[in-house]
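Each chain is listed here by its residues.
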Protein chains: 4
Amino acid sequence: MIRAAVVGAAGYIGGELLRLLVGHPQVEIVAAVSRTLRGRPVDSIHPNLRGRTRLTFSSYDQLGHPDVLFLATPHRETMQRMPAYLDSARVVIDLSGDFRLHDTDVYEDYYGTPHEAPGLIGSFVPGIPEFHRDRLRAADRISVPGCMATAGLLSLVPLARAGLVRGDITVDARTGSSGSGAKAGSENLHAERSGALRVFAPTRHRHEAEIAQATGHTIHMTATGIEAVRGVQLLSRASLADGVDERAIRSTYRSWYGDEPFVRVVAARRGMHRFPDAKILSGSNYCDVGFALDRGASTVTVIAALDNLVKGGAGNAVQCMNVRFGEPEERGLEFTGLHPN
Amino acid sequence: MIRAAVVGAAGYIGGELLRLLVGHPQVEIVAAVSRTLRGRPVDSIHPNLRGRTRLTFSSYDQLGHPDVLFLATPHRETMQRMPAYLDSARVVIDLSGDFRLHDTDVYEDYYGTPHEAPGLIGSFVPGIPEFHRDRLRAADRISVPGCMATAGLLSLVPLARAGLVRGDITVDARTGSSGSGAKAGSENLHAERSGALRVFAPTRHRHEAEIAQATGHTIHMTATGIEAVRGVQLLSRASLADGVDERAIRSTYRSWYGDEPFVRVVAARRGMHRFPDAKILSGSNYCDVGFALDRGASTVTVIAALDNLVKGGAGNAVQCMNVRFGEPEERGLEFTGLHPN
Amino acid sequence: MIRAAVVGAAGYIGGELLRLLVGHPQVEIVAAVSRTLRGRPVDSIHPNLRGRTRLTFSSYDQLGHPDVLFLATPHRETMQRMPAYLDSARVVIDLSGDFRLHDTDVYEDYYGTPHEAPGLIGSFVPGIPEFHRDRLRAADRISVPGCMATAGLLSLVPLARAGLVRGDITVDARTGSSGSGAKAGSENLHAERSGALRVFAPTRHRHEAEIAQATGHTIHMTATGIEAVRGVQLLSRASLADGVDERAIRSTYRSWYGDEPFVRVVAARRGMHRFPDAKILSGSNYCDVGFALDRGASTVTVIAALDNLVKGGAGNAVQCMNVRFGEPEERGLEFTGLHPN
Amino acid sequence: MIRAAVVGAAGYIGGELLRLLVGHPQVEIVAAVSRTLRGRPVDSIHPNLRGRTRLTFSSYDQLGHPDVLFLATPHRETMQRMPAYLDSARVVIDLSGDFRLHDTDVYEDYYGTPHEAPGLIGSFVPGIPEFHRDRLRAADRISVPGCMATAGLLSLVPLARAGLVRGDITVDARTGSSGSGAKAGSENLHAERSGALRVFAPTRHRHEAEIAQATGHTIHMTATGIEAVRGVQLLSRASLADGVDERAIRSTYRSWYGDEPFVRVVAARRGMHRFPDAKILSGSNYCDVGFALDRGASTVTVIAALDNLVKGGAGNAVQCMNVRFGEPEERGLEFTGLHPN
């Protein structure tokens, strides 16, 4: 059994980690740390776990020495505590933003605060099995990308690496309200957020930097809050290199993802399910990727969708754990998603 | 011109009062009082008013002496400040719960605190033009009923007064999230509230007492938060007195509401719009009332719907103001509502 | 392996059966019958199954002789074809309304058409493991109750059997749009149905008859379409027998459901998750049951929630299959549901 | 009084025209033409009009000779009947797509059918008072732009005409379900459309051609169906010409729209209402326009929002009628929109 602990267990990502770990046959949860809820039953905050666990929240000092430690904690606080976390657990899987960017200047630029543990950045392996599976098998420090970044990386990196696109890439990201976390703020009130089309980051969203770092292209990304609790969809546009046609793109995606358990290429000729839609992905670990060429094949529109709390966070982290601990990669992540939903 | 002021102007009911008063050709808004936002433009909080008003929020001491003062303030605080409000304005229209119940024991029972201005209760006229129009023409103190209570009163009082129903009445009330107000609380976060079917008051909701007081029947009311920002729908059930048939109910409603501008009897034989639905009432001052008899005519199911912020609050208050100041009753309340919406 | 077939596989209940059966380790799907879609891939209609199955729809004549046949077909058509179905499969699990009611007069009364296979009704065992587990172990003909009926049966039968309630019971049922099925009708258009509070059955809903049959009480049920795709919530009210208190109700539910894998008693003192809410049940096979007593303990309000396509249909049917074929009862039904969602 | 008629009165745009015309003090509706509903009350299809009109639907032959004829009819059918329409009414305001594009090759390219009345195209004045007010005062033939096109034109034309942007413009358009009209189709079922992020036109949406025609720039537009009944939001990106800064853009918009009653420039420094959001525009005739510069001012992100049935259709058409008939331009269009909503 893998002895797992979660810090930040009362939040939405933390709760999703607990949901997946409770259902994982090879995992024992040894601690669900919450700063404020010590002693309270986990299912009083995450009611979907009723009848599935008798776990209660614990405090930092009860963390002990788990085999794997998942960090669902705010940026800055995470890098400050990281040395202690590294001492306590053999494997640390970080879902914060602190160890995703390799360049500390870029970090400071996007996060507005200097990096406080620059020496540790290089020791983290990016938590993307589709790109770094071999390194993850032996990684003791894993940094899971952001929810929108994951959709951007999985949909754009293959095209960039293959040289199929050129120049700047524009990214329109749409995200549900769970991405804002469980903290109450008037802008997240149902009456304000319901039905909103809120452009909360017209430029300079932090996940933009992750996509730029991985693709090597300049990214112009916007982020809009849409009416959904879960779900991220990215719609990206890029100019095609000379002579690139639909077949070239399709075969590139196939060569990258043909054997991947959690990336599906979705680009049908017709029907209402032609392209990736987060609507059918809630709870699943899939990232669906699709594309369409403009007539004349001068530009490609790339569409990617995922559940921000699963493949965009907790699910991706559990997939990394499976790789690291030699478990079947799909274990605990079998849920298909619902239709209709 | 009627010089109007609103206290509690930053809240949802307050904002709706401002929306209606800004559009009222015979009203001048002399003060929009907010405890915390003095000096800030009203449209920074109520963005729908952009381009419609240059009004800024003011503090209590800037209240002055308006012709009419609307109170969109919390219960308890309202009765404590009422003597001062009564000094400042000729006509006070209170939208809080403090002066709706005549019996101070019932008040204490439902609000959990003793009434602090019992001597004033009797001087308030209930803000329901359909029932108290003549008294309202001369009323200087008006107490507007609660949003769910308004739907209950308009749909059940005619049947109760006419003796068409007997015994206890069950009321299943559904309400949107704006009824919880603009205060941030984790239970009102979009991620928690979206799509919820939350039975937040299985018994003893405060509006139950208002319906019981007006009908003279014992009311068993539940309140459920449903997926909507605006909108209240009440589904009530009562036993019919002997010999009461559909015609008797229809003619009773017609005799009460045939000439009313804002109550529509909606009980069609078929179609998707057979019964009242808050979906098409957002922004309008209508309360739609419908009903259906069980086969055998032993019980009647009564359905009522309204916009909790309009006929359930601000709109009803403006209607009362129109009556009191001799304005055409529909003035400033002409919006029909939208379909589809 | 259990060789399973589904008729009506293109509908929402049919698709949910396929989702659960595809994920069931002991089931092989031998046919997914659709009148109109023969030869088309199942995942072109049910996109959540992409990458999970290569199954294509087949026609009736390709049904063969499965071990278990699930019928997700319309009433009337189902009883007409039933003799043929019974010949083709060892075990038939019917999700239509045709074999739920024992009294053919009641059937004709609620369905508006005479029963065409009265001789077969008695041979069907109700598909409710919580009530009929022993009979289901040997049952070759199983009739799964309606979605709202399931919530009503599981929440009310224990109280009725124990004599804790008396007299008529009122039931307010709320249901999502997937209950209307995949057939296009203008009343189910998104623009018409979104945000609706549509009382589509003020009286005489068909599921009322199932609840009356099982409880022995007169049921006054209303059905309202609310804003949700999945989810049913029933709010029922009954008078308590003399001397019945909260403990008596709680212990009754505990004795019935304490060991049940898919019924949870949810009745917390406080918090936003006090009572059953379908919001967190999408995709799960749970039926959550809760209750609250009016002060004075004269009446009880019972709340039940489930996913209409899972415990209210396909999941319940799979649970019956597990019982019938000696599989662990939770197999293939492990999904916990999501929070937030 | 202006004697007005509507053809296509049973649809969503037609219903919105009726809502606005019923509330217009200087308009008399002389005919509401529906191919299929002759004789039925208008409020049986548009329930928001209950108590506001006794109008019934009529047939083509009852059209008579209105002062103004609004056409809310499908493309192709509209151009085929146009000669007859022009004979029947003094002023024709067309809301179809048939007379928006000046180049018949472009029309055929985007609509997939040759234009059947090319000789009439030049006689139509574009129905955009902000750009063509003077011509509209005397126009007898007016062609109202598409809903998404209107948002694109109002937000991009000023920047294009002033030479502030250069090169291709990308447009990410999001639209609610009412844009699909009242026709039932399985892709518009609530269960399928609810919560969808459906990229239904990754390239080549028809409104793209209108924006290209008016701006002179190559437009790369995508269209995504989002969870809303009403509402369009466009998020466009363009490269800035050398030396263009925020002030230049702001002053350009101000010079175009400073005196316009229905275009508001919304670009706040902070807060949840920084940028245009259709959420607060339902029922209003506003088009809100905002923008943000990328750091370094190399590109501008332009955001525009409106209600597709009002400023994106019926409201814009009524505004054109007011201009044409010398009415105050805001008459009948005073509704501010709701917050929260």
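Structure shown above.
Sequence order as written defines the numbering, with residues in each chain counted from 1. Lettering of chains starts at A and numbering of ligands starts at 1, both following the order in which they are written. Residue-level local features of this predicted model are given only where pLDDT is at least 70; pairs of side-chain atoms are given and counted only at 80 or more, and the full residue set underlies all totals for whole chains, interfaces and linings. Calculated side-chain values reflect all of the structure's heavy atoms, with hydrogen atoms and water omitted.

Attention now moves to the pairing of strand β1 (residues 2-7) of chain D. Residue and element names in this part refer to chain D. Burial classification: accessible surface area is computed with a 1.4 Å probe over protein chains only, and a residue below 20% of its type maximum counts as buried, one above 50% as exposed, and the rest as partly exposed. Runs of E in the DSSP output that reach at least two residues are strands. Runs of H or I that reach at least four are helices, and both are numbered from the N terminus. Among the six residues in β1, five count as buried, and that is most of the element. Bridging between β1 and strand β2 (residues 27-33) involves six bridges; their strand directions are parallel. Each residue of the ladder has a partner; that of Val-7, found in β2, is Val-33. Clockwise travel from the first strand over the helix to the second, with the strands pointing away from the viewer, marks a crossover as right-handed. Between the parallel elements β1 and β2, the chain passes through helix α1 (residues 12-22) in a crossover that is right-handed. Note on pairing: two strands pair once DSSP finds at least 2 bridges between them. Relative to strand β3 (residues 68-71), β1 is paired through four bridges, and the arrangement is parallel. Looking across to β3, one finds that Val-6 is bridged to Phe-70.

A few words on unusual backbone geometry. Residue and element names in this part refer to chain A. Each neighbour pair has its own omega, and for His-339 with Pro-340 the value is -5°, a cis peptide bond. Examined against the element boundaries, Pro-340 turns out to sit in the segment after α10 (310-324). Positive phi outside glycine occurs at Arg-204, with the angle close to 65°. You can see Arg-204 is positioned in the loop between β8 (198-201) and α8 (206-215). Among the residues examined, Arg-204 registers a relative accessible area of 23% and is labelled partly exposed.

What follows covers the interface of chain B and chain C. Note: interface size is frequently given as the accessible area lost on complex formation between the parts. The contact rule is simple, with two residues in contact once any of their heavy atoms fall within 4.5 Å. Each partner contributes to the interface: chain B provides 48 residues, whereas chain C provides 48 residues. Buried area is calculated as the accessible area (1.4 Å probe) missing from two parts once they are joined, with the contributions of both summed. The junction of chain B with chain C conceals about 3800 Å² of combined surface from both sides, 55% of it contributed by carbon and sulfur atoms. It is Leu197(B), Arg237(B) and Met272(B) that lose the most area in chain B upon contact with chain C, and together they represent 19% of the buried surface on that side. Salt bridge, as applied in this entry: a Lys or Arg side-chain nitrogen positioned within 4 Å of an Asp or Glu carboxyl oxygen. Taken together, chain B and chain C are joined by four salt bridges.

This part covers the environment of Ala292(C). Looking at where Ala292(C) falls in the secondary structure, it is placed in strand β12 (residues 287-293). For Ala292(C), a relative accessible area of 10% puts it in the buried group. On a C-alpha basis, the gap between Ala292(C) and Ser123(C) in space is 38 Å, while along the polypeptide they are 169 residues apart. For Ala292(C), the residues in contact, after removing those within four places along its chain, are Pro202(B), Phe275(C), Thr299(C), Val300(C) and Thr301(C).

The two copies are related by a screw motion: chain B maps onto chain A through a turn of 180° and a shift of 0.0 Å along the axis, at an RMSD of 0.0 Å. Such a combination of rotation and displacement between the chain copies is what one expects of a two-fold axis. Residues of chain B ranked by C-alpha distance from the rotation axis are headed by His190(B), positioned 1.9 Å from it. Same-surface contact between copies: 100% of interface residues of chain B are shared with the interface of chain A. What sets the superposition is a least-squares fit of C-alpha atoms, and only residues with pLDDT of at least 70 in both copies go into it.

The subject of this paragraph is the sheet that holds β12(C). Residues and elements named next belong to chain C. An order of β8-β9-β7-β10-β13-β12-β11 is seen for the seven strands of this open sheet, with the pairing classed as mixed. Only two strands of the sheet have a single partner each, and these edge strands are β8 (198-201) and β11 (263-265). Between one strand axis and the next, the sheet turns through 25° on average, direction left out of account. Direction of pairing for β11 relative to β12: parallel, over a ladder of three bridges. Throughout, an axis means a line fitted to C-alpha atoms (over the contacting stretch in the case of helices), and angles, computed between N-to-C directions, take values from 0 to 180 degrees.

Before going further, it helps to spend a moment on the pattern of salt bridges. This model, assessed by the stated rule, comprises 98 salt bridges over all chains. The shortest N-O distance in the salt bridge between Asp109(A) and Arg295(D) comes to 2.7 Å. You can see Asp109(A) sitting in helix α3 (residues 104-111) and its partner Arg295(D) sitting in the loop between β12 (287-293) and β13 (299-306), one on each of two chains. The class for Asp109(A) is partly exposed, based on a relative accessible area of 33%. For Asp242(C), the salt bridge goes to Arg166(C), with nearest N and O atoms at 3.2 Å. Residue Asp242(C) is located in the loop between β10 (232-240) and α9 (246-257), and its partner Arg166(C) is located in strand β7 (residues 165-175); the two are separated by 76 residues in the primary sequence. Salt bridges sharing common partners tie together Glu16(A), Arg19(A), Arg230(A) and Asp307(A).

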